[in-house]
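A look at the structure
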Amino acid sequence: MISRRFVLGITAVAILSATASPVLAVSRRNAAMRMLDTDNDGTLDLAEAKKAASAVFARLDRDHDGTLDRRELRGRLSASEFAAADPDHDDTLTMEEYLGLVERRFNAANPDKDGTLDAKELNTSAGRALLRLLR
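Treat the numbers as computed from the prediction; the structure is a model and nothing was measured.

1. Topic: the side chain of D37
- Among the structural elements, D37 can be located in the loop between α1 (4-36) and β1 (44-45).
- The side chain of D37 sits in the buried core without any salt bridge; R34 is the nearest counter-charge, 9.4 Å away.
- A distance of 3.1 Å separates a polar atom in the side chain of D37 from the backbone nitrogen of D41.
- Apart from residues lying up to four places away in sequence, D37 is in contact with G42, T43 and E48.

2. Considerations on the confidence of the model for the protein chain
- Averaged over all residues, the pLDDT of the protein chain equals 86, while 79% of them reach at least 70.
- The model gives residues 11-21 a pLDDT under 50, and that stretch makes zero contacts with residues more than four places away or in other chains.

3. So, the pattern of salt bridges
- A complete count under the given rule lists four salt bridges for this structure.
- Here E103 and K50 are joined by a salt bridge, their closest N and O atoms 2.9 Å apart. Taken together, the positions of E103 in helix α5 (residues 95-108) and K50 in helix α2 (residues 46-60) put the pair 53 residues apart, joining distant regions of the chain.
- Residue classification places E103 among the partly exposed positions, given a relative accessible area of 29%.
- Ionic pairing is found between E81 and R105, a salt bridge with its closest N-O pair at 3.1 Å. Residue E81 is located in helix α4 (residues 79-85), and its partner R105 is located in helix α5; the two are separated by 24 residues in the primary sequence.

What counts and how
- Residues numbered from 1 in each chain as written.
- Predicted model: local features only at pLDDT ≥ 70, side-chain atom pairs only at ≥ 80, totals over all residues.
- Heavy atoms only, no water.
- Helix = DSSP H or I, 4+ residues; strand = E, 2+ residues; numbered from the N terminus.
- Buried < 20%, exposed > 50% of the residue type's maximum accessible area, 1.4 Å probe, protein only.
- Lys, Arg positive; Asp, Glu negative; His and termini not counted.
- Salt bridge = Lys/Arg side-chain N within 4 Å of Asp/Glu carboxyl O.
- Polar contact = N/O pair within 3.5 Å; in protein donor to acceptor, adjacent residues only side chain to side chain.
- Contact = heavy atoms within 4.5 Å.
- pLDDT = per-residue confidence, 0-100.

Printed below as a string of structure tokens:
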């Protein structure tokens, strides 16, 4: 027979797990904003996004051939997203193609077209898609 204390303990763990996930996700996004916001104005502009993307590109380009293939991108893009970002269909992304994708995702996450992304905009699906390219 299962004790009442055990059931209450399991219920508490389940409740804490369910409520902690969003808190951790928000905390990670706030940490991302702090890392990416190099001018400390509380927003991310396109220059900051591209600077971060350039560093990520260099880190991911393990074979140092100046391109990223699907393996090097490690799940940051779906097959259809990769195909759309690869206009010359050579199965790699150059730095220019990668930065172009970053710019398109930045613009998609910036519905008010003010040229900056705040934490709320980074929390949208478009903002999270951009952050996948900057980490």
